[in-house]
Structures are given as C-alpha cells and as structure tokens.
Amino acid sequence: MKSLAVRIAIALVFNAITLWVASVLPGVRLGAGFLWAVVVFTAATLLVKPLILAMFHRRHAQWADGRKRVLSKAVTMAAGLLATLAILVVTSIFSNGFTINGILGWIAATVVIWLASFIYDFVDDGLEAKANELLGGAASTGKP
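Worth saying up front: this structure is predicted, and the values here are computed from it rather than measured.

Trainee: Before we go on, may I ask you to explain the overall build of the protein in this structure?
Mentor: Along the backbone of the protein there are four helices and two strands. Beginning at the N terminus, the succession of helices and strands in the protein can be written as α-β-α-α-β-α. Within the span of the protein, comprising 144 residues, buried residues form 37% of the whole. For the protein, the share of sequence-separated contacts (at least 6 apart) that also reach a separation of at least 24 residues comes to 70%. Entry remark: accessible area of the protein is about 9,000 Å², with carbon and sulfur atoms responsible for 73%.

Here it is, written out as structure tokens:
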C-alpha cells in the first residue's frame, strides 16, 4: 500500500512539473485550479494512456519482426502522441486550471508532454525505490 502511495505521489509531482513547464508554451495557460488539473491529468494518464496503447499494440502485434519493427515503433510513438492528446483534452475539459488555445498550443503541448512522459518512464522506478528506501521500506524497483 505504501508503494502505491509513493508511486501516486511521484506521478502527481512529476505531472505538476510537466504541466507547469508546458505553461510557458504559446496558448497554454495555468489557472487557479492548477492542483485539480494535476489530479485530473494524473488520473487521465493512469486510465486513458494504457487503453490507447493496448489498442495499438494488440492491433499491430504482428509487426514485431524484421523490417516491420521500424513501422511497429512508429505506430507505438503515434499511439503515445494520441494518448497524450487525449489526456490533454480530458484535462482541459474537466479542470479550469489548465487551458490550451489554438492549434499551435495543442501541438506544442502534446509534443512537450509526450517527451516528458519518456523521461518519467525512464526515472520512475528508481525514484520509487529511493523513496521506499527513505521511508524505511525495502528498496524495490518493481523488476524481477
């Protein structure tokens, strides 16, 4: 249970930083409900992203060999961009603390937040292990 709380706390902090960084982009604004926007963004990330990625992976699983591997990676990247756009749409609809205006704002925010998700995926297991270690639990990276 403590591990789940740590994982959620790390996601909330990282998503708050990501949305704050995205707010410097043209057409992207933070409002008074910023903390609620972070909660909505985190929840949407936990719900929407796995669904979209699973749909793409299931449909294009046969592309895992040979020259089709490049196409498979391109489809996975496109799925990630689509998931990020969907998460931003959900966040902007269900919170008044984060708004995006104009096509340039939507494109820039989608790309920047999608790139930030790569960073998060790279460091989240290490951060969770370190946090658990500091909290007195066993250091676990979630890998066998």
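Once you've had a look at it, read on.
Trainee: How should I be thinking about the pattern of salt bridges in this particular structure?
Mentor: Between side chains of opposite charge, pairing is possible as soon as their charged atoms come close. Inspection of every chain in the model, using the stated rule, returns one salt bridge. Put simply, Asp121 and Lys49 hold a salt bridge, and the shortest N to O gap is 4.0 Å. On the criterion of sequence distance, the pair formed by Asp121 in helix α4 (residues 102–134) and Lys49 in helix α2 (residues 34–59) is long-range, its members being 72 residues apart.

Trainee: Looking at this structure, I do not really get the packing of aromatic side chains. What am I missing?
Mentor: Aromatic ring pairs are reported here in terms of the distance separating the ring centres and the angle at which the planes meet. For the structure on display, the rule yields two aromatic pairs. Considering the side-chain rings of Phe14 and Tyr120, the 5.1 Å spacing of their centres and the 45 degrees angle between planes classify their relative orientation as tilted. Of this pair, Phe14 sits in helix α1 (residues 2–22) while Tyr120 sits in helix α4, placing them 106 residues apart in sequence. Comparing Phe14 with Tyr120, the two get one shared label, buried. Aromatic pair Trp114 and Phe118: ring centres 4.9 Å apart, planes at 70 degrees, arrangement edge-to-face. With Trp114 and Phe118 both in helix α4 and four residues apart, this pair spans about one turn of that helix. Of the residues examined, Phe118 reaches a relative accessible area of 43% and is grouped as partly exposed.

Trainee: In this structure, what is going on with α4? I would like to understand it.
Mentor: It helps to recall that an α-helix has 3.6 residues per turn; residues three or four apart then point in one direction. Where α4 bends most, at Val123, the angle is about 45 degrees. Of the residues one or two after α4, Gly136 is the one with positive phi, at around 95 degrees.

Trainee: I'm lost on the nonpolar core in this one. Help?
Mentor: When a protein is soluble and globular, its nonpolar side chains tend to lie buried together. Ranked by internal contacts, the top residues of the largest apolar core, which has 20 residues, are Leu19, Val28, Leu88 and Phe98. Among the elements of the structure, α1, α2, α3 (68–94), β2 (98–100) and α4 are those that each provide at least two residues to this core. For this core, the leading source of residues is α2, giving seven residues. Setting aside anything within four residues of it in sequence, one finds Leu88 in contact with Phe41, Phe98, Ile100, Trp106, Ala109, Thr110 and Ile113. Counting six residues, the second-largest nonpolar core is a separate cluster that includes Val6, Ala11, Phe14 and Tyr120.

Rules used throughout
Residues numbered from 1 in each chain as written. Predicted model: local features only at pLDDT ≥ 70, side-chain atom pairs only at ≥ 80, totals over all residues. Heavy atoms only, no water. Helix = DSSP H or I, 4+ residues; strand = E, 2+ residues; numbered from the N terminus. Buried < 20%, exposed > 50% of the residue type's maximum accessible area, 1.4 Å probe, protein only. Contact = heavy atoms within 4.5 Å. Areas by Shrake-Rupley, 256 points an atom, 1.4 Å probe, with all protein chains shown as cover. Salt bridge = Lys/Arg side-chain N within 4 Å of Asp/Glu carboxyl O. Phe/Tyr/Trp six-rings, centres within 6.5 Å; stacked < 30°, edge-to-face > 60°. Bend = angle between axes of the 7 residues up to and from the residue. Core = buried A, V, L, I, M, F, W, Y, C linked by side-chain atoms within 4.5 Å.

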